[in-house]
Amino acid sequence: MRIVEAAIDHYARTLPPEPPPAPDLEGGTLEQRAAFSLTLNAINFGSGWFPTLRKPSGLSGYRTIEAGLRARGPWTAAELTEIQTPEVAATFGQDPEHELMGLFTLALRELGERVTVEYFGRFLGLVNTAEGSAERLAETLATWPTWRDVSSYEGHVVPLFKRAQLAAADLHLAGIAPAEDIGRLTLFADNLVPHVLRLDGVLEFDERLVGRIDAGFLLEHGSPEEVEIRACALTAVEMLVEARGDTNATVVDNILWNRGSLPRYKARPRHRARTTAY
């Protein structure tokens, strides 16, 4: 893995100044919108399983999950504490025996239990304890077991915290929890933004790794190549932010992630790992 530093300045200039909007529950109360955003990010993982999901025509794995939650509406915290896998699977149109539905259930129950016990059942209670700081909210979420996204690389601890940071950013972009320190967040390191950066010539992968990805082989979460992909993408985005001088990693991530839905990027396989990190 390497960052093509010579491509950074030109690529930075191609990025639009404003990102697409974050997912939101239009017409909901502020509490319902906070619940929707936090619940969606609690289960915003599983891309390694997405090829095995049932997906409505034209929807990706993520959009399938988002559509299911939007159609049902967010659960209350109390409902989440008792949720069972068959209800989770029915909400998202999947089989209860699917491994990902069991993992979703664990994540949803933890969210419900935390909000119920620590924030009196109010999702806005969790949001408001951050006192307008995206970084503080992300740090809180990152301590929860199902949100903790930390890998190791050659003896070094590599905290990436994709979902914890994304939850804080989405709440900010939706206007639910505006944060003056949004620039403190990094890339939400997943498998799509690195894919976009690779196809656009900002990242360069070893040819043998590309061959494995193109052949559909799963990478092991926490393996050196998987950590490098995520960490190099994060670093590349920081370089793009610096080159632009008028943006932040949240904006760049949102632009690149949405760019990944275009046919040019969907035509090539991206790396997949079966993990709850992304």
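Structure report, in brief.

Analysis parameters
Note that residues are indexed from 1 along each chain, following the sequence as it is written. Reporting of local features is limited, given that this is a predicted model, to residues whose pLDDT is at least 70; pairs of side-chain atoms are given and counted only at 80 or more, and all residues count toward the totals for whole chains, interfaces and linings. Excluded from the side-chain calculation are hydrogens and water; included are all heavy atoms of the structure. Numbered from the N terminus, helices here are DSSP runs of H or I no shorter than four residues, and strands are runs of E no shorter than two. Two things to know: the radius of gyration comes from C-alpha atoms, and the globule rule equals 2.2 Å times the number of residues to the power 0.38. Here's how the labels work: a residue is buried when its accessible area is under 20% of the maximum for its type, exposed when over 50%, partly exposed in between, all with a 1.4 Å probe on protein chains only. By definition, residues are in contact when any of their heavy atoms lie within 4.5 Å. Calculation of accessible area relied on Shrake-Rupley with a 1.4 Å probe; when residues are assessed, cover is drawn exclusively from the protein chains displayed. The charge count includes Lys and Arg as positive and Asp and Glu as negative, but it does not include His or the ends of the chains. Every charge is mapped to an atom, namely NZ of Lys, CZ of Arg, CG of Asp or CD of Glu. Ring pairs are drawn from Phe, Tyr and Trp, using the six-membered ring of Trp, whenever the two centres fall within 6.5 Å, and their geometry is named by plane angle: stacked under 30 degrees, edge-to-face over 60, tilted for the rest. Whether a charge sits over a ring comes down to the Lys NZ or Arg CZ being within 6 Å of the ring centre and within 35 degrees of the ring normal. For two strands to be treated as a pair, DSSP must find no fewer than two bridges joining them. Helices are assigned an expected span. That span is 1.5 Å times one less than the residue count. For cavity detection a 1 Å grid was placed over the protein atoms alone, and a set of points counts as a cavity when a 1.4 Å probe fits there but cannot get out; an open set counts as a pocket when protein lies on both sides within 12 Å along at least five of seven lines, with lining residues being those that have an atom within 4 Å of a point. Grid points are joined across faces, edges and corners, and a volume is the space filled by probe spheres set on the points. For this classification, the nonpolar set comprises Ala, Val, Leu, Ile, Met, Phe, Trp, Tyr, Cys and Pro, the charged set comprises Asp, Glu, Lys and Arg, and every other residue, Gly included, is treated as polar.

A few points about the overall build of the protein chain
The helix and strand tally for the protein chain stands at 14 helices and four strands. Taken over C-alpha atoms, the radius of gyration comes to 18 Å for the protein chain, in line with the 19 Å a tight globule of 278 residues would show. When burial is assessed residue by residue, the protein chain has 53% of its 278 residues classed as buried. At a minimum sequence separation of 6, the contacts of the protein chain that also span at least 24 residues come to 73%. Accessible area for the protein chain stands at about 12400 Å²; split by element, carbon and sulfur atoms hold 52% of it. Charged side chains in the protein chain number 28 positive and 38 negative. The centres of these two groups are separated by 5 Å.

Notes on the packing of aromatic side chains
Counting across every chain of the model gives four aromatic pairs. Each ring, one from Tyr62 and one from Trp257, has its centre 5.3 Å from the other, and the planes form 85°; the classification is edge-to-face. You can see Tyr62 sitting in helix H3 (residues 61-72) and its partner Trp257 sitting in helix H13 (residues 249-259), a full 195 residues away along the chain. Summarising the aromatic geometry, the rings of Phe92 and Phe104 are spaced 5.9 Å apart at their centres and angled 80° between planes, so their arrangement reads as edge-to-face. You can see Phe92 sitting in helix H5 (residues 85-92) and its partner Phe104 sitting in helix H6 (residues 99-118), a full twelve residues away along the chain. The pair formed by Phe92 and Phe104 is uniform in burial state, with each residue classed as buried. Directly above the aromatic system of Trp147 lies the positively charged group of Arg163, at a separation of 4.9 Å from the ring centroid. Stacked on the ring of Phe205, the Lys or Arg Arg198 has its end atom at 5.1 Å from the ring centre.

What about the pairing of strand E2 (residues 150-153)?
Across four bridges, the pairing between E2 and strand E3 (residues 156-159) is antiparallel. Bridging across to E3, Ser151 finds its partner in Val158. Hairpin connection, E2 to E3: the antiparallel pair is bridged by two residues, and Glu154 has positive phi, about 50°.

Thoughts on helix H2 (residues 30-42)
With 13 residues, H2 should cover 18 Å at 1.5 Å per step; its first-to-last C-alpha distance of 18 Å lies within 8% of that length. Taken as a whole, H2 has its buried residues at Arg33, Ala34, Ala35, Phe36, Ser37, Leu38, Thr39, Leu40, Asn41 and Ala42. On its buried side, H2 packs onto H3, helix H4 (77-81), H6, helix H7 (123-129), helix H8 (134-142) and helix H9 (162-173).

Some details on the layout of surface pockets
Computed from the structure, the largest pocket encloses a volume of approximately 890 Å³. Ser60, Tyr62, Leu192, Trp257 and Arg270 are the residues nearest the centre of the largest pocket, which is lined by 43 residues in total. The set of elements that each furnish at least two residues to the lining of the largest pocket consists of H3, H9, H13 and helix H14 (263-266). The biggest single contributor to the lining of the largest pocket is H13, with five residues. Grouping the constituent residues of the lining of the largest pocket by class yields 20 nonpolar, 13 polar and ten charged. Within this model, the second largest pocket holds a volume of roughly 150 Å³. In terms of lining, the second largest pocket is formed by Glu135, Ala138, Glu139, Ala142, Pro159, Leu160, Phe161, Gln165, Arg184, Leu185, Thr186 and Leu234.

Just geometry here; none of it tells us what the structure is for.
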